[in-house]
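Spelled out, the chains give:
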Amino acid sequence: GAVVSQHPSRVICKSGTSVKIECRSLDFQATTMFWYRQFPKQSLMLMATSNEGSKATYEQGVEKDKFLINHASLTLSTLTVTSAHPEDSSFYICSARGRQGASQPQHFGDGTRLSIL
Amino acid sequence: DAKTTQPPSMDCAEGRAANLPCNHSTISGNEYVYWYRQIHSQGPQYIIHGLKNNETNEMASLIITEDRKSSTLILPHATLRDTAVYYCIVRGTGANNLFFGTGTRLTVIP
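**A closer look at the layout of surface pockets**
Consideration 1: Estimated volume of the largest pocket: approximately 530 Å³.
Consideration 2: The wall of the largest pocket is formed by 20 residues, among which A:Gln38, A:Lys41, A:Gln42, B:His40 and B:Arg105 lie closest to the centre.
Consideration 3: Elements with a minimum of two residues in the lining of the largest pocket: β8 (84–92) and β9 (104–109) of chain B.
Consideration 4: Sort the elements by how many residues they give to the lining of the largest pocket and β8(B) lands first, with three residues.
Consideration 5: Residues of the lining of the largest pocket, tallied by class, amount to eight nonpolar, nine polar and three charged.

**Looking at the sheet that holds strand β3 (residues 19–25) of chain A**
All names here are of chain A.
Consideration 1: Strand order in this open sheet of four strands is β1-β3-β8-β7, and the pairing throughout is antiparallel. The open sheet terminates on both sides in strands that have one partner only, identified here as β1 (4–7) and β7 (67–73). Each adjacent strand pair in this sheet contributes to an overall mean axis angle of 15 degrees, direction not counted.
Consideration 2: Bridge analysis of β3 against strand β8 (residues 76–81) gives six bridges, and the strand direction is antiparallel. Within the sheet, the bridge partner assigned to Val 19 lies in β8 and is Val 81.

**So, the pairing of strand β2 (residues 10–13) of chain A**
All names here are of chain A.
Consideration 1: Of the two faces of β2, the one lined by Val 11 and Cys 13 is fully buried and the one lined by Arg 10 and Ile 12 carries no buried residue.
Consideration 2: Both β2 and strand β11 (residues 112–116) contribute to a ladder of four bridges, which runs parallel. Counted as the bridge partner of Cys 13 is Ile 116 from β11.

**Comments concerning the pattern of salt bridges**
Residue and element names in this part refer to chain A.
Consideration 1: As enumerated under the stated definition, the model contains three salt bridges over all chains in all.
Consideration 2: A salt bridge links Glu 22 to Arg 24, with the nearest nitrogen and oxygen atoms 3.4 Å apart.
Consideration 3: Lys 66 serves as the salt-bridge partner of Asp 88, at 3.0 Å between the closest nitrogen and oxygen. Pair noted here: Asp 88 is in the loop between β8 and β9 (90–97) and Lys 66 is in the loop between β6 (57–58) and β7, with a separation of 22 residues, a long-range link. Each member of the pair, Asp 88 as well as Lys 66, carries the same accessibility label: buried.

**Focus: the sheet that holds strand β7 (residues 70–75) of chain B**
All names here are of chain B.
Consideration 1: In spatial order, the strands read β2-β7-β6-β5; together these four strands make up an open sheet with antiparallel pairing. Among the strands making up the open sheet, the edge pair consists of β2 (18–23) and β5 (55–56).
Consideration 2: In terms of strand pairing, β2 meets β7 through six bridges, oriented antiparallel. By the bridge assignment for β7, Cys 22 is matched with Ser 71.

About the cut-offs
Residues numbered from 1 in each chain as written. Chains lettered and ligands numbered in written order. Predicted model: local features only at pLDDT ≥ 70, side-chain atom pairs only at ≥ 80, totals over all residues. Heavy atoms only, no water. 1 Å grid on protein atoms, 1.4 Å probe; cavity = no way out; pocket = protein on both sides within 12 Å on 5 of 7 lines; lining within 4 Å. Points joined across faces, edges and corners; volume = space filled by probe spheres on them. Helix = DSSP H or I, 4+ residues; strand = E, 2+ residues; numbered from the N terminus. Nonpolar A, V, L, I, M, F, W, Y, C, P; charged D, E, K, R; others polar. Pairing = 2+ DSSP bridges. Axes fitted to C-alpha atoms, helices over the stretch in contact; angles between N-to-C directions. Buried < 20%, exposed > 50% of the residue type's maximum accessible area, 1.4 Å probe, protein only. Salt bridge = Lys/Arg side-chain N within 4 Å of Asp/Glu carboxyl O.

Okay, here's the thing in structure tokens:
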């Protein structure tokens, strides 16, 4: 089945550091990629949606200058958390979907646990 | 997208069938019913989806009522590794995103 690879799986870094998370679709062309955030004991919350070659669309309350998203190819999207602070500590999950739309499933990476000290 | 309602938690004995219900009474004709699960500290895993007909794959069966206002995910022989949060999601062809509600926390008991 379709596979989405996310890297790294865990990051621990100091406050003020910028962190880049990669999301790759391994066996299909991901025309749309999604970035979610999940805080402890809560459900996934969509942060932004990106289409290949276009600027990402951010959900209300998500700072686009803080969470930089690049979707430069049909198999790769990156999320950069700039100048991360302890409140940015969370579980970040990417997801990808091909051209078929709602009739086909969206596939998820295994997530990146970000801990800012 | 139509909202879904799921029980917050369920228990199931190992080896027995787990039947997870979902209500989606406001579903419209072009909306699919999707099921995902999330095992602790992992990304969501796709299980199954359907539009009108019942569906079965190697993981589970999906039973959708004739009026499409509710569905049931069936794990035929639950194992301890099936312990997870199960999300029922309704998504239409025009929708971009999957909206995750609170799901059902299934605990498989030895």
